[in-house]
Every structure is written in structure tokens, then in C-alpha cells.
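Inside the fold
So you can see what is in the structure, the chains are spelled out below.
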There are 2 protein chains.
Amino acid sequence: MTMSMNPENTAKKLSSGSLAPGSAPAPGSGHTIAPASPAGTESPYAAEVRLRQRLVQVALGKQLADLVIRGGKLVNVYTGEILEDMDIAIAGERIALVGDANACIGPDTEIIDVEGAYLTPGFVDAHYHIESSRLAPWRHAEITLARGLTALVEDPHEACSPGGLDAIRYFLENTQGLPQKVYVQVPSATPPTNVETTGGYIGGKEFKQALEWPRVTGLGEMMDPPRIFGNDARTWSLVKEAISAGQPIEGHGGFTGNRLAAYASAGIQSTHSPNTPENALEMLRQGFTIQLKAEREANTIKKLLESQVDWSRIGLAVDDRPVEKLLELGSLDHEVRLAIELGVPPVRAYQMATINNARHWRLDRDIGGIAPGRYADILVISDLEKVAIERVFASGKEVARNGKLLVSLEVPDQGNRLAPSYALDTVKLRRKVTADDFKVPAPVEITCRGQERVWVHALVIPPFYFSDDLEAITCKLPVRNGFVEPALGTGINKVAIVERHQGTGNIGLGFWRWGFERGAIAMSVLHDSHNISVVGANDHDMAVAVNRVAAIQGGIVVVENGRVLAELPLPIFGLMSDAPPEEVAELSRAVEKAAAGLRISVNGEAPSGARPEGEGTAVNAGMSQIPPDLAKTMEAKPVDVLTFAYLTCHPRKFVLTDQGIFDIRTEKRLPLVW
Amino acid sequence: MTMSMNPENTAKKLSSGSLAPGSAPAPGSGHTIAPASPAGTESPYAAEVRLRQRLVQVALGKQLADLVIRGGKLVNVYTGEILEDMDIAIAGERIALVGDANACIGPDTEIIDVEGAYLTPGFVDAHYHIESSRLAPWRHAEITLARGLTALVEDPHEACSPGGLDAIRYFLENTQGLPQKVYVQVPSATPPTNVETTGGYIGGKEFKQALEWPRVTGLGEMMDPPRIFGNDARTWSLVKEAISAGQPIEGHGGFTGNRLAAYASAGIQSTHSPNTPENALEMLRQGFTIQLKAEREANTIKKLLESQVDWSRIGLAVDDRPVEKLLELGSLDHEVRLAIELGVPPVRAYQMATINNARHWRLDRDIGGIAPGRYADILVISDLEKVAIERVFASGKEVARNGKLLVSLEVPDQGNRLAPSYALDTVKLRRKVTADDFKVPAPVEITCRGQERVWVHALVIPPFYFSDDLEAITCKLPVRNGFVEPALGTGINKVAIVERHQGTGNIGLGFWRWGFERGAIAMSVLHDSHNISVVGANDHDMAVAVNRVAAIQGGIVVVENGRVLAELPLPIFGLMSDAPPEEVAELSRAVEKAAAGLRISVNGEAPSGARPEGEGTAVNAGMSQIPPDLAKTMEAKPVDVLTFAYLTCHPRKFVLTDQGIFDIRTEKRLPLVW
């Protein structure tokens, strides 16, 4: 355990932790993580065995416990009961006994009486992307531990887009010895599709290598049905390795009918985003477990409450949440609270956030319940329904009280840098971009007409557009001097995706319905490829914004009239910051505010700018409107929406990448203008 | 799949199956099983991937199903519902779709309408010892497949006592390609204790090697608390490898309080024999799953029905059952039937026998439910409560109808022998035994008195004696010519355990309360060391019986007056027969009958033989009686009782092995006479 009890001491100290949670030897210092048992060194599991041998003796009363927690009402997530008069005896990081601890109490045993409070296991998030918090993992632990999140299963597919296996290595190293246990899945979608460029690549060979490392588990969310259904070689090599290693294969999204059967046939057994109550029930019936983000699946939870399904197959997960929302709402505690508000019986809600997730991940020998042999991850809760967490014990130590962290966390030596060198300097442009790079030439047959101004048809895909209907998103845009222009007056902006991993110089151009009237916003957070996206009202500001993102080695930058209005540096893989969480949250709010200031209502009235001229309006009368809820979010939090708006995974159909616009189901390129 | 549809054809054919269930390449022919992906050959998982790719296309309606089962009431064990109008589309060995199969039905698709019958998943036994059936695994499949047992998790700790890793190899090879999926645990108790001699040895290194083989899963039942609690090096090296590989660690027995906490602290998470309802509930609360043999845990099932525990953590298991009982009662179907009779709601009873066990074993991607991607193991049941199985589909083919096997099973080439050479010739005596080998010399200080006849104190441990009380099982036995004699008149016989694995010549002698009046019974089935046990009324018959067991290379032999009355040859590891099940059952009944004929009532009146003479009776007045139920079983089925009577595992305290009598908790030797 590498914690200091001095909360002021946030200096990073050399940690002797291993990749396994706990106190085993450090891995080799080479670029490749040492496997579980490198020749000639102690296995990192040897320390666990020694501790378990000690637990046995404590349980038998032949050695003494370090800590006994008593006087609580134990929420037994295994049986669904609430039991009184159960002492919890702890030795080192783990629980030795739950019951009558008198035999193992000695003069040096600390005794904590929680005076009738509830005792629950620490929360376990079953599907999580730390990158979305914008925080380095240990910084993320600083704010979520106090929320009761003592373990999570990270899918680092964001960081793997730039970093490949190095990103997995980073998560393991940055969290080694932390009281928050971070298990790491191997992403299945690096690259996210075959039609975009990333730095990392994870195929069967890389998956197999990663599985040698402690705390690495499972094949991450399979979010690319076209490649599964189309026998893509890389995708199926991952499936083969998962089957061979007996590892879970995680799912993503909601399916029904034949596509659900096909998805399950590939060996996929879970989803965290069924999307509709009907999908959720159908997927449970077809053998899936589900891990719900209560915030977005309220209807699903209500529907499942009406059914009589086995709830041991249903868990909770946060998936993605930016730092400012973590500070405002909480972590998995927020989902538990929402679930209870939606009518889930409280004990069941805690089961969903603890043992159900641990069982899904086969981690229930270590986490998810209060029982001998498990990590001593225990929440002291005064109000079960409100999830009022008074104290948090993690790995046998009290780490937080009343929402405040009591300990300072440490990360291993990173050579006095923000992160290990392999996690930095990941934004690689071929050269600085210029305004000209964002010009969209009109097709030759149109410019050849010799007219000063003509119209072209253009694809303008609104964010979160899941329809098959291309006509509804086809509009007419003006051509000036041989180049197609956006129609700012109707909310249509020029957008681009600038490749940043390999220095290919790829720039994918498009028009999307964002409604920015001024300036430009660029960012290296672009799910899931994490190239640089930029949207702007003019090509010059777009170029300034992209170049600034490159200059700060990743982050979010808002520009107007050539000047940076606000920026959030994210130098770790271009996605995360090592700065204190409050500081990152503040900068995040600042870029949101600056970005919102560049915007008009996307579904609103004609703006102050010139309307497009020519035959009819530029935007087809029937073109689909942005749903009002989304439009509202876009007005308030455009950056948040922008980061997810270029996703290429199911259930999307038309996507923009650094390589152009594609029908993702066929991987066929579509013309931007014609 | 290696099945022929000709039920008459029972000739063994060369199988091209792999160690994985299904149709992958054969392992290397060397003595060591090839690992999952030997260099230069196709991984056995490649075939599974190819089939899953086909399933995907069938599910999407782009390829056609081989078989569609329709018209049934689907027992959905995932949700606990019964659903109608669900087609099951099958391609090869697995299910491609559950729902509307119209899109994948073509002219060559076989359609079976089950006309309103129930459809349940095939049964999965969570804890099983095929050896106890006395049948070779493929012969065991011949009778249990028709009972709906399409998968089981074997713990070969019986066969590993003689065979070590070779026994694991045998189970894998003998079942490769069978429609009954046999998964194999690695036994934790080879040798069963430190105070007995076996042929096999399984430590951390051997465990790790076995885990490389497909279908090998988990560390088998930990039945040796003294070694767990006492930091035994071999035992803890197994724990370490299980932790390192993320493999389940199976439990055994019922525990409570501090010992339960100690047991759980070692990382053990299940039990199949809680023994009492109170233990069962306490163990569930402490994070265990349980797999109940309904036949012996009726009270536990009733108690759990009164509680509100989460039943997803409770399964069913047969553990041990000899062939004649399998034929009479059934396999796991019998446990399901009993559970329903005890009040378990029918769908829940089926969950206990299917998905709950598959989840426990992390095999739910392949077995335990009717869903896409799983093996097509499906039971057609006319009466859910009576478990009336009309048809059995296994790995996509109908294998049994109305209790009759429809296919002939095949085993791989064994060189025209009963079994591979490494599984034969495992009974190795140093030399033939003689009557003198069974003489018990009286202690020197007694014989030195120079009297013709004196008494000695002797330990006489009744079968299944779990008490700490030594006094209650101490009696006085007569000495004649310097040797201690049994007291046949009070049911006390001489017994011996003759080492048979290594030819050490060890013979452990004892007196036990069996009540045999004539002859002798010897057998190489002796849980768990499987040395040769012999019990008899005279030393000569004992020697004849032991030598006959050696001559037939293992089995059960009943002798009277130097003549073999009945024998059951078990030449495979001295435990199993390759003969047809009915034949083995017949011989088994014959040896039981012959053995019972040698016996008098153990708690009954004075027998016809001479009573022991001298001061008082030979048997202390207070000496504990055999419980009436057990005495009844012993009268009817002495062989069945004898096979288990010398167990050395928890909760036993005093044991007889080839090395003598021991207090198993301390591993200290006790005197037989004094």
C-alpha cells in the first residue's frame, strides 16, 4: 500500500507497488511491462499468498487483526440481507473474518465502532473510461475514492487509439498500489474502424501479450458490428484469443432480433448500453448481462422492475463522466442513488454496484462483497437510500471521510514529468495546418460551367444521427471561387478531422450542423480515434485552433479572430491531465463557456449572418432537425457534445474520419459534395 | 463431432477430435498433452472461431441453419421465464439464433416440432467424480447423456492418486469430441494428505502445466483444512497458481465461525457439501456458492427455501454415484426431481442444474442456457416437475430419445487396449502379500509378561466417525501367541491398507467395526488414496483377496475360504472399467451381494462366533454405536460404504492409511494397540 496519512503531502514518491493492487515488486523499467512472473523475480502473487496465509491465522485467532470495524448493519450483498452484530476483522489490505472478531483482537488492534451505520462493500464500476474524466488515473482516484469507488474496470480504448499497448501499461503503472483497484480491459476497437487512422494497434498478438500482465482482464467493448458480422481478421483474432484464454468478451449497444443473435453468436455476453428497455429485456433473455448507466437508462430500469428477471445479471456502470460532473454528481454512487429513486430496492441497488459487477468480471474473490479474503473495501453509510457515505475504507485503510480524501495518493516515478515519456508527445502533425487546408473544392464539372456562383449538393450529418435516410441530410451549399462554403446562416459549419497520430497529413473535411457563428474549436479528444477535430465559422480560426492543440500536445482550444479564448491542456496521450481535479474542472468549464459563446441556436431563427442565396434555401425543407434535448445540451455544453459527435461505432451509420465520409456498414466512401 | 447415428455400432473408431469439445485437431501423441497452441499446428480454438463465424451468418439469415427446433415452451434460465414461440436455430454444434428462425431455414434445414413440450438447457453437473461410477468416461456418457447430462465438471482426484497428470490427460482424451462436454478440474489433494502414499503428485508446477490444456479449469476441492491452515507448501503453491491464473478454487465440506473465515481467507469460494442447513446459510453469507447433492442435502434445501437468499449462487451436483444407482435413479436429473419435490419452484430447480453451475464455472459462454453461441444442448421435456425427458440434443444432434441413446459414442485410438497404456497396470505391489502380513504384534511389554493370553487396548474407529472422543472408540482386544486378534463376536474386524502405487510394501493395519463374520473383501477403490483396502474375518482370506485385486490390476474382490466369490475388475487406474455399463452394474451388484453375505449386523446381538474372553467384554460399554441409518446401508451395501469409509479429508479426525493410524489435524501417528 503506497499511501501517506498526510493529506497535504501530494508530492509523487517512488512507489514499490506492482501492477497487481497491493504490495508486490515493481515491473521492469523497460518499455514492455514485465509479465506476471518474470524469471528470477518474485511473482507479484506471492505477496497476496503471504497475506492470505496471515488472514488464515487471524481468522483462527492465532494472529491479531490490524483493524476491527464493529457496530454496523452489514449489507450482505451475497444473500441480499442486512445483518447486525457482524464484526469485520482486517489484516493488511484484506478482510480476515466477518462475524465474531473477539479471538483476533489484541492490544494493537484498532477498533472502530460505526454506531449503527450501514456497512456496504466499496463500489465496483463494471465499465469505465477514466480518460473521459480528463484526469490521470491517480487524479481520478483522488476524487472518486471519497465517493466510494474502490474498484473499477477500465476500458482504455480512448488512450489506446494514440498509445496502443503503451496506454494499457500507463493505466497499470499509474494505478499500481493505489487503494482504488483499477482493472484494465484490452480494447477491441484499436483502431475503432478500418476507415480511420490511429497510432495504436491491438490485434490478437497484442491482446495475448497484455493478458500476461496482472490486473488485465477481458476483451473490451465490441462496438463494431460490421467487422464482427463481416469476418474482419483483426476482430476475430481477438475473439479467438479471448476464447482461448477463457476471457469475457464485452459488448456495446442495443441489439434485437437477428442482429442480436449474430452478436451473441460471436461470443459477446454483455452490454452497458442497451439503449431501449425492449433491447435490455431481449438481451437478458439471450444470455447477456447488462451494466446500466442509470442516468441514461432510467426507462430500462423501470421496465426491468416490472419484469421478474434475475437481477443478479444486472449491474451499474458510469461509462464516461467528465471531471466537473464527477465533482457535481458523483461517480457510481450517483447511479446507485438514481436507481433507488427509480424504485430499485436499496439492497438490490447496492448489489448492482458491487457483487453483480464483480461476478460479471470474475473478480469476486477479491472485490464486490464483505467477506473473508476480499480486499477490505468498505463504505460506512448513514442513509442507505440517499447513499450518504460517511467513511470510505479501501484496502484496509480509511481513505476518506465525509467526502474528503484523508490520504495522499502516490504514483510511481515518472522522471519528474507529468507522465512517462511514452504517454507524452503524442500529437504529431505532418506540418502546421493553414486555412487553405480546410477549403472544399467544388466538383470539376460544376466549376467548369464557368459561372461565378453555383450550388452543390452536400452531405450535412447532424450529430447523433442514426437514421438510414441520406436524403434528409442532403442540402445545397453555395460555391464561391470554386470552393464550397458552409451555410452559417442555417447553422451549418465546416468541420475537419486532422490526423494526429502518425503524421500522415490526412484531413477529413465535412459540413455538420453545429451552429457556430464565430471562431473555431479544436480538440484532441475525439471519440474514439482521438484525432484532432475542429469546427469553425472560418478557415483561419480553424487553423489557429488546430495548431494550438498541437503546440500544447493535446487538449481543447477555443479560438476567435486568431486569438485563443480558452484552452484545456491534456498532454497525456492528448486526453488526460495530471493537474489537480479542481483545476482541470475549472479549465473545462472555461472552454465550455468560451465555446458556447461562439454559438447560435442550431434549430433557431436565421442568424445575423447572410443567408445563403440562390434557388430555394440552402437547407432542404425536410432536413431533420436536431432533437430539442440534444440542441439544448449543445447550446450549454458544446464541447461535451463535440467530443462524442464523431463516434464511428454502432449504431452510427454515416461517419466522418480523417480519411473522409463513410457508410460504416460497408466501409464505402461517400462524396462530401456532388 | 464424432458420433455415428447407428446405435448398434459401438466399435471404437479413431477420433480426430481435439481436447476441446468439438472438432479440432488431435493433440500430439506423446505422453504429454500438447498445449492449446503448439507451434506449427492450428489452435484447437480455431475450429470454434470458424463455427462462430458461421453462426453469425446463419443468425443474419445469410447462411442456412442445419436444424430448427420449434413449437416448444422455452425455459429461459437467464431470466427465469417460460417463453413460447421461440425457434432455436442450430448450425453445427451450436445455437445460432433463438427467436424467429424463418430467415435461416432452407431446403436442407431439418425442422423438428416438439409440439408444446418444454425446452430446457442440457444439465451441467458442477462437481462430479466419474470414477465413482466405475465406468470409463465415454461409458459414463453412454448412460448419462440419455438422462440429460450434456456437460459436467470432473474432479479426477480419484484417478490422480494413481495417475497424477496422466489421469487428467486420460479424462481429456477419453472424452474428446463426445457430445457430453467434460471439463476437468485439477485436484488439490494429490496426495490426499501428507500421511499416505499415492502414485501421482500435483503441486504448483503440475497445476500450471495442466491449465495449458483445453477444458481444464479450476483448482479442485480443497478438502484438507490442516494443510491450508498449517501453511503446507504444496497446498499453498496450488493456491498461488490459481490466483495467478485467475482460476476458481473449489471447496469441500461445511464450516462455521472462525474456521469458515480461515477457509474463505485462503481464497476458497464454493462447497458442494455444507453438511448442515446452518453451514449452508452461513457459507452463502460469507461469499460462497454452493452446489448441492439434493439426495443428501434435503434439509439444507428446505432451510434455504425459507430464507430469502439469492438463488443464483446455488447449484446442484451429484458428486459421486455408482453405475447401478445411475441406472436406477438417474444423474443430475434425479437431483432436479428431488429439489422440485422438496419445494423448489421448477424453473429455479432447472436454473440450479444449468445456468447457475455454468456461471459458477465461468462456462456460460458455452453451456448452461439456450442462447446464440452456446452448444446446442437441449432437453425436450414433457413434464417439467417430473423431469420427464423425451429427447436429448447435445452439440446440435439428437443423441437420446425416451431414455435410449440413439448414437454410438467413440473414443480415440487406444492401441486396441481398454485404455491408453499409461492408465493401465497401476496396481504395483512389492510382492504378493501373505496371511502373516496382517498379523498385529502385541506390544513387547505385554507379551513379555510371559502369560499365555493378555488383553491390549486398541483403537477401533467406526466408519464415518467424526468425533474428537478417542475414549469412546478404545476397546480391549485379546492377544494370542503374541498377536492381537480382532473381536469378531462384537463386529470388530481386522482391516489393512496395502500400498499399491509405488511398490513400497507399506501396509497400514487396524481394527474397524465392520461386522464381517467370514471371508474378506479387498478393493483398489479407496477414497481418496486408492490404495488397496482389505477387511476380513481371517488373515488368509485377506491375503487371497488382496493378491487377486493385484492380479486383475484393480477392482473389488470378495473371497471366502480362499475362493473368489465375486469380483468387479476395474483395470483403468484400478478404478474404472471399459465394459458396458449394464455389465459393470451387474458385477457391482454381485460383489455387493457377496460382500453382504459375509456380514452380520454390526449393532446387533452377539454372533455365532466366540465372544472375547477375559475381564469384562472386549468392547467398552460406552463405545459409540453406528448410527442406525448407516448400519442399514452397511448391511445392504457394504462395498459402497467401504469405498468411502477410509476417507482422510475433513471433517474426519482419525484416519487409517498405508502408513498407519493418524490424527489428521496434527499428522501425528497414533498407536493401534497399547
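The structure we're discussing is the one just above.
Described in the following lines is the structure provided in the data block.

Thresholds applied
- Residues numbered from 1 in each chain as written.
- Chains lettered and ligands numbered in written order.
- Predicted model: local features only at pLDDT ≥ 70, side-chain atom pairs only at ≥ 80, totals over all residues.
- Heavy atoms only, no water.
- Helix = DSSP H or I, 4+ residues; strand = E, 2+ residues; numbered from the N terminus.
- Buried < 20%, exposed > 50% of the residue type's maximum accessible area, 1.4 Å probe, protein only.
- Areas by Shrake-Rupley, 256 points an atom, 1.4 Å probe, with all protein chains shown as cover.
- Contact = heavy atoms within 4.5 Å.
- Buried area = accessible area lost by both parts, 1.4 Å probe.
- Salt bridge = Lys/Arg side-chain N within 4 Å of Asp/Glu carboxyl O.
- Polar contact = N/O pair within 3.5 Å; in protein donor to acceptor, adjacent residues only side chain to side chain.
- Nonpolar A, V, L, I, M, F, W, Y, C, P; charged D, E, K, R; others polar.
- Least-squares fit on C-alpha atoms with pLDDT ≥ 70 in both.
- Lys, Arg positive; Asp, Glu negative; His and termini not counted.
- Pairing = 2+ DSSP bridges.
- Disulfide = S-S within 2.5 Å.
- Phe/Tyr/Trp six-rings, centres within 6.5 Å; stacked < 30°, edge-to-face > 60°.
- Lys NZ or Arg CZ within 6 Å of the ring centre and 35° of its normal.
- Expected span 1.5 Å × (residues − 1).

Glancing now at the overall build of chain A. Helix and strand counts for chain A stand at 19 helices and 34 strands. The buried share of chain A, taken over its 674 residues, is 67%. Carbon and sulfur atoms form 49% of the exposed surface of chain A, whose accessible area is close to 21,700 Å².

Before going further, it helps to examine the interface of chain A and chain B. The interface is formed by 62 residues belonging to chain A together with 62 residues belonging to chain B. Counting each side, the surface lost to burial between chain A and chain B is near 5,600 Å², with a carbon and sulfur contribution of 52%. Summed over the shared surface of chain A and chain B, the result is 4 salt bridges. Across the pair R285(B) and E81(A) runs a salt bridge whose closest N-O atoms are separated by 2.7 Å. In this structure, the connection of chain A to chain B is made through 26 residue pairs in polar contact (both at pLDDT 80 or more). Sorting the residues of the side of chain A that touches chain B by element identifies α1 (44–59), β4 (81–83), β6 (94–99), α6 (225–229), α7 (233–245), α8 (257–265), α9 (277–285) and α14 (355–360) of chain A as the ones contributing at least two each. Take the side of chain A that touches chain B: its biggest share by element is 10 residues, from α1(A). For the side of chain A that touches chain B, a count of residues per class yields 31 nonpolar, 18 polar and 13 charged.

The transform that puts chain A on chain B rotates by 180 degrees and translates by 0.0 Å along the axis, for an RMSD of 0.1 Å. The symmetry that links the two subunits is that of a two-fold axis. Across chain A, the rotation axis passes nearest the C-alpha of S312(A), at a separation of 3.5 Å. Interface overlap between copies: 100% of the residues of chain A at the interface are likewise at the interface in chain B, consistent with a symmetric, same-surface contact.

With that settled, consider the side chain of R362(B). Along the polypeptide, R362(B) turns up in the loop between α14 (355–360) and β16 (378–383). No salt bridge is formed by the buried R362(B). Its closest oppositely charged neighbour is D364(A), at 4.9 Å.

Residue and element names in this part refer to chain A. Pairing is mixed in the open sheet, where 7 strands are placed in the order β4-β3-β8-β17-β18-β19-β20. Each edge of the sheet is formed by a strand with only one pairing partner; in this case those strands are β4 and β20 (404–405). Summarising the sheet, strand β19 (residues 397–401) and β20 pair through 2 bridges and their orientation is antiparallel. Along β20, the bridge assignment pairs R401 with K404.

A few words on helix α12 (residues 332–341) of chain A. All names here are of chain A. Of all 10 residues in α12, 9 are buried; the element is thus mostly enclosed. Listed in full, the buried residues belonging to α12 are L332, D333, H334, E335, V336, R337, L338, A339 and I340. Taken from the residues just after α12, G343 is the one with a positive phi, measuring 115 degrees.

Let us look at unusual backbone geometry. Residue H650(A) is joined to P651(A) through a cis peptide bond whose omega torsion reads 5 degrees. Here the bond from H527(B) into D528(B) is cis, since omega is -5 degrees, no more than 30 degrees from zero. As for its position among the elements, D528(B) is in the loop between β27 (520–523) and β28 (532–536). With a phi angle near 55 degrees, D85(B) is a residue other than glycine that sits in the positive phi range.

Note on sheets: strands pair through backbone hydrogen bonds, and any given pair is parallel or antiparallel. Residues and elements named next belong to chain A. Here we have 3 strands laid out as an open sheet, ordered β14-β15-β16, and parallel in their pairing. Of all strands in the sheet, those bounded by a partner on one side alone are β14 (270–271) and β16 (314–316). Across 2 bridges, the pairing between β14 and strand β15 (residues 289–292) is parallel. Residue T271 lies in a different strand from β15, and its bridge partner there is I290.

As a further point, take the pairing of strand β11 (residues 181–186) of chain A. All names here are of chain A. In terms of burial, β11 is largely enclosed, as 6 of its 6 residues are buried. Alternating residues of β11 divide into K181, Y183 and Q185 and V182, V184 and V186, and every residue in both groups is buried. Pairing geometry for strand β10 (residues 149–154) and β11, over 4 bridges, is parallel. Across the sheet, L152 pairs through a bridge with V182, a residue of β11. In this structure, β11 lies alongside strand β12 (residues 216–222), joined through 2 bridges in parallel fashion. Paired with V186 across the strands is L219, a residue of β12.

All right, on to the pairing of strand β22 (residues 455–459) of chain B then. Residue and element names in this part refer to chain B. Within β22, 4 of the 5 residues are buried, which leaves it mostly tucked inside the rest of the structure. In this sheet, strand β23 (residues 474–480) lies alongside β22 in antiparallel orientation, the contact comprising 5 bridges. Bridging across to β23, H457 finds its partner in K476.

Further remarks concern the side chain of Q351(B). All names here are of chain B. Along the polypeptide, Q351 turns up in helix α13 (residues 346–353). The buried category is assigned to Q351, whose relative accessible area is 12%. Ignoring any residue separated from it by four or fewer positions in sequence, one finds Q351 in contact with V77, T79, G80 and N356.

As a further point, take the state of the cysteines. The final tally for this structure, using the stated rule, is 0 disulfides over all chains. Between C160(B), a free cysteine, and C649(B), which holds the nearest cysteine sulfur, the sulfur-to-sulfur gap is 16 Å.

This next bit is on the environment of R563(B). Turning to its location among the elements, R563(B) is positioned in strand β30 (residues 563–569). Along the primary structure R563(B) and T109(B) are separated by 454 residues, whereas in three dimensions their C-alpha atoms are 61 Å apart.

Time to look at the packing of aromatic side chains. Residue and element names in this part refer to chain A. Counted by the stated rule, this structure contains 14 aromatic pairs over all chains. For the pair Y170 and F171, a centre-to-centre distance of 5.8 Å together with 75 degrees between the ring planes defines the contact as edge-to-face. In textbook terms, an aromatic cluster arises when at least three aromatic residues are bridged by ring pairs, as seen for Y170, F171 and F573. Its guanidinium or amino end placed over the ring of Y375, K181 lies 4.5 Å from that ring's centre, counting from NZ or CZ.

Since the α-helix packs 3.6 residues into each turn, any two residues three or four apart lie on the same face. If you check α1(A), its first and last C-alpha atoms are 24 Å apart, about what 16 residues at 1.5 Å a residue would give, namely 22 Å. Of all 16 residues in α1(A), 14 are buried, a share of seventy percent or more.

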